[in-house]
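The residues making up each chain are set out below.
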Amino acid sequence: MSFGEQSSAADLPEPKRLLVESVLSYADSNLDASLDRMFELLRIPSVSCDPLLAQQCQAAASWLATELADIGFDASVRPTAGHPVVIAHQKQATGPHVLFYGHYDVQPVEPLDRWEADPFDPQLKVQPNGDTQIIARGASDDKGQLLTFVEACRAWKTVTGGLPVSVSMFFEGEEESGSPSMDEFLDQVGDELRADTMLLCDTYLWNDAIPAVTVMFRGLLEGEIEIACASRDLHSGAYGNAARNPIQVLAGLIASLRDESGAVAIKGFYDDVQEPDEDLKSELKKLDFDTDSFLQNVGLSQSAGDQAYSALEQIWTRPSCEINGIAGGYHGDGLKTIIPSKAVAKISFRLVAGQDPEKIQAHFHDHIRARLPADCTMKFTAFGGSKASAIPSKSQFLQRARAALRDEWNCESVLIGSGGSIPIVSVMQNRFGLASLPIGFARSDNRHHSPNEKYDLSSFHKGIRTWIRVLAELSGCEGNRVGALDANSCAADKPA
Ligand code: BES
Ligand code: MN
Ligand code: MN
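Each value, and the rule that gives it
- Residues numbered from 1 in each chain as written.
- Chains lettered and ligands numbered in written order.
- Predicted model: local features only at pLDDT ≥ 70, side-chain atom pairs only at ≥ 80, totals over all residues.
- Heavy atoms only, no water.
- Domains from an automatic or database assignment.
- Buried area = accessible area lost by both parts, 1.4 Å probe.
- Donors = N, O, S within 2.8 Å, 3.2 Å for Na, K, Ca; no water.
- Tetrahedral: all angles 85-135°; square planar, octahedral: opposite > 155°, others 65-115°.
- Helix = DSSP H or I, 4+ residues; strand = E, 2+ residues; numbered from the N terminus.
- Buried < 20%, exposed > 50% of the residue type's maximum accessible area, 1.4 Å probe, protein only.
- Phe/Tyr/Trp six-rings, centres within 6.5 Å; stacked < 30°, edge-to-face > 60°.
- Pairing = 2+ DSSP bridges.
- Near = heavy atom within 4 Å.
- Polar contact = N/O pair within 3.5 Å; in protein donor to acceptor, adjacent residues only side chain to side chain.
- Areas by Shrake-Rupley, 256 points an atom, 1.4 Å probe, with all protein chains shown as cover.
- Nonpolar A, V, L, I, M, F, W, Y, C, P; charged D, E, K, R; others polar.
- Contact = heavy atoms within 4.5 Å.

**A word on the domain arrangement of the protein**
Turning to step 1, where the next piece is worked out: If you check the domain split of the protein, you get domain 1 (9-217 + 388-485) and domain 2 (219-273 + 319-386).
Turning to step 2, where the next piece is worked out: One C-alpha centre belongs to domain 1, the other to domain 2, and the line joining them spans 36 Å.
Turning to step 3, where the next piece is worked out: Both faces considered, domain 1 and domain 2 share a buried interface measuring about 510 Å² in area, 48% of it formed by carbon and sulfur atoms.
Turning to step 4, where the next piece is worked out: Interface area lost by domain 1 to domain 2 is led by A388, S421 and P423, which between them contribute 67%.

**A short note on the coordination of the manganese ion (ligand 3)**
Under ideal tetrahedral coordination, the four donors around a metal are separated by 109.5 degrees; under ideal octahedral coordination, the six donors are separated by 90 or 180 degrees.
Turning to step 1, where the next piece is worked out: Donor atoms from the polypeptide that bind the manganese ion (ligand 3) are D141 (OD), E176 (OE), E176 (OE) and H449 (NE2), placed at 2.0 to 2.6 Å.
Turning to step 2, where the next piece is worked out: The sequence pattern describing where the donors of the manganese ion (ligand 3) fall on their chain is D-x34-E-x272-H.

**Let's talk about the coordination of the manganese ion (ligand 2)**
Turning to step 1, where the next piece is worked out: The protein atoms donating to the manganese ion (ligand 2) are H103 (NE2), D141 (OD), D202 (OD) and D202 (OD), with metal-donor distances spanning 2.0 to 2.3 Å.
Turning to step 2, where the next piece is worked out: Because the angles between the six donor atoms bound to the manganese ion (ligand 2) fall within 58 to 163°, the donor set is best described as irregular.
Turning to step 3, where the next piece is worked out: Read N to C, the donor residues that coordinate the manganese ion (ligand 2) are spaced as H-x37-D-x60-D.
Turning to step 4, where the next piece is worked out: In this structure the manganese ion (ligand 3) is found 3.6 Å away from the manganese ion (ligand 2), and D141 serves as a bridging donor for the pair. Linking D141 in the loop between β5 (132-135) and α4 (143-160) with D202 in the loop between β7 (197-200) and β8 (212-217), this pair joins segments that are 61 residues apart in sequence. Across the pair, D202 and D141 agree in class, each one buried.

**Points about the environment of C376**
Turning to step 1, where the next piece is worked out: With respect to the secondary-structure elements, C376 resides in the loop between α10 (357-369) and β14 (377-386).
Turning to step 2, where the next piece is worked out: A sequence separation of 172 residues divides C376 from Y204, and the C-alpha atoms of the two residues are 43 Å apart.

**As for the packing of aromatic side chains**
We describe a pair of aromatic rings using the distance from one ring centre to the other and the angle between the two ring planes.
Turning to step 1, where the next piece is worked out: All told, the structure shown has 14 aromatic pairs when counted by the stated rule.
Turning to step 2, where the next piece is worked out: Each ring, one from F149 and one from W467, has its centre 5.3 Å from the other, and the planes form 85°; the classification is edge-to-face. Residue F149 is found in helix α4, and its partner W467 is found in helix α13 (residues 457-474); the two are separated by 318 residues along the sequence. Taken individually, F149 and W467 each receive the classification buried, so the pair is uniform in this respect.

**Here we look at the pairing of strand β2 (residues 85-90)**
Turning to step 1, where the next piece is worked out: In terms of residue burial, β2 counts as a mostly covered element, since six of its six residues are buried.
Turning to step 2, where the next piece is worked out: Alternating positions in β2 separate into two faces, V85, I87 and H89 on one and V86, A88 and Q90 on the other, with burial throughout.
Turning to step 3, where the next piece is worked out: As defined by bridge partners, strand β1 (residues 74-78) adjoins β2 across five bridges and the pair is classed as antiparallel. Bridging from a neighbouring strand, S76 pairs with I87 of β2.
Turning to step 4, where the next piece is worked out: With antiparallel pairing between neighbouring strands as the criterion, β1 and β2 make up a hairpin whose turn holds six residues.

**Topic: the site of ligand 1**
Turning to step 1, where the next piece is worked out: Taken together, 16 residues surround ligand 1, and among them E175, D202, R350, S421 and H449 come closest.
Turning to step 2, where the next piece is worked out: Contact between ligand 1 and H103: an oxygen atom at 3.1 Å from a side-chain N or O atom of the residue.
Turning to step 3, where the next piece is worked out: Measuring from an oxygen atom of ligand 1, one finds a side-chain N or O atom of D141 at 2.9 Å.
Turning to step 4, where the next piece is worked out: Relative to its free-state accessible area of 520 Å², ligand 1 is covered by the protein chains to the extent of 90%.
Turning to step 5, where the next piece is worked out: Split into classes, the residues belonging to the shell around ligand 1 amount to four nonpolar, seven polar and five charged.

**Some points on the environment of S76**
Turning to step 1, where the next piece is worked out: Structurally, the position occupied by S76 is in strand β1.
Turning to step 2, where the next piece is worked out: Judged by relative accessible area, which is 23%, S76 ranks as partly exposed.
Turning to step 3, where the next piece is worked out: In the structure, S76 is positioned 266 residues away from K342 in sequence and 45 Å away in space, judged by C-alpha atoms.
Turning to step 4, where the next piece is worked out: Beyond its immediate chain neighbours, meaning those up to four positions away, S76 contacts V85, V86 and I87.
Turning to step 5, where the next piece is worked out: Looking at S76, its side chain comes within polar contact range of the side chain of R78, at 2.7 Å.

As structure tokens, this is what we get:
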């Protein structure tokens, strides 16, 4: 069979097919125990951007390393300049070597009063349609999702004593903070994380019934802009009119970032934007995306971006500029009549293929400087930048993974884009030429980064089952590297 052809479980040799069936049924009968383990991880409040919770990030990393060691991985928690990374290996004598990436850190929980329960006290909620939701911060982004892969490995290991391919794990604790320590960390680990492909479980299904492989992510430039005027807060009567108000200035600058059509109005912003190639364009065209319900589900009725593009193009293939937060002046009860001395806003730019975060930052600076009135200073602190990434859509790994998806979901998977960003994808591509294979089971209503984030029990269960099949299918791929046999690359090669 050539790699371009469609294959399915029927193509697996009979003993292997039976083996897969027994691994699947182990996962089915042990789902409750898998769920208990997910709850343990969800109870750890590993918010990466909160310095007060650094210990909790450490705790989540240790928890993962212990679980991985428990199922035969050579697992360790590695320090970085920020939160630790978990690395684990379990190599086989032959076959390809896959690296699985996930993040154990989560987004902040605010606004807390919008949660139905404590975000770190996971709740099960049975829906009228019979499905059960797991509600907690990190349920789908990314703790519940990364555990689908770990639990699939557990099932293989328990039933057969080994894994069908060599597996390394790579869990970071700073993804939600833009992975600031990752470059330096990767310099240190060198070739240890080289593999034939990198699997991820941090993306969406296309819909409840149709799975997807995500083949592009937007990049990101994120930072904070501060506008400062007077040397202190002033009485707004004693100085009103005469003193420049930084909130007013900031609001005007923010308003100038988009034109009436919704397009970004920064000069040069679109200069390097590359259109997706024709193959991908036609794949994306095949998807019938329901813009109305996409917007209605979150209480909206009209897409607000560049009207020359569809909503799906706006979120997947066009760059954006969003204000993520704004602060200044008095926020307490009642009135305080001041002209504040400063105002700040968090701004993020989603970037598409061709755009360079540094160039975008320069264009943004120029835009602000040209409009800054007298007596104002502007400070922009960048939190990090990542380029957009494209995933090769014709690799043997992708073909085989899609065969596994077909077996589990009884339908053809689709290739989709993502408006979100996973910085490590382009980092690993550029460093090691390592292509990613992102398959996720989250649904569009999972409330990522929002109050009452959830994961459906059916996503968790079918996710575990899917990875069990993917691992079996990938064992038929050829490794491009010595990975599995490279005695220098990791301690797991030592005889047990
Ligand atoms: N899992 C998301 C990325 C994602 C979102 C993939 C939607 C597919 C669909 C990831 O955890 C995330 O939120 N990334 C951040 C990265 C940032 C903080 C550097 C993002 O996209 O905002
Ligand atoms: Mn994520
Ligand atoms: Mn996220």
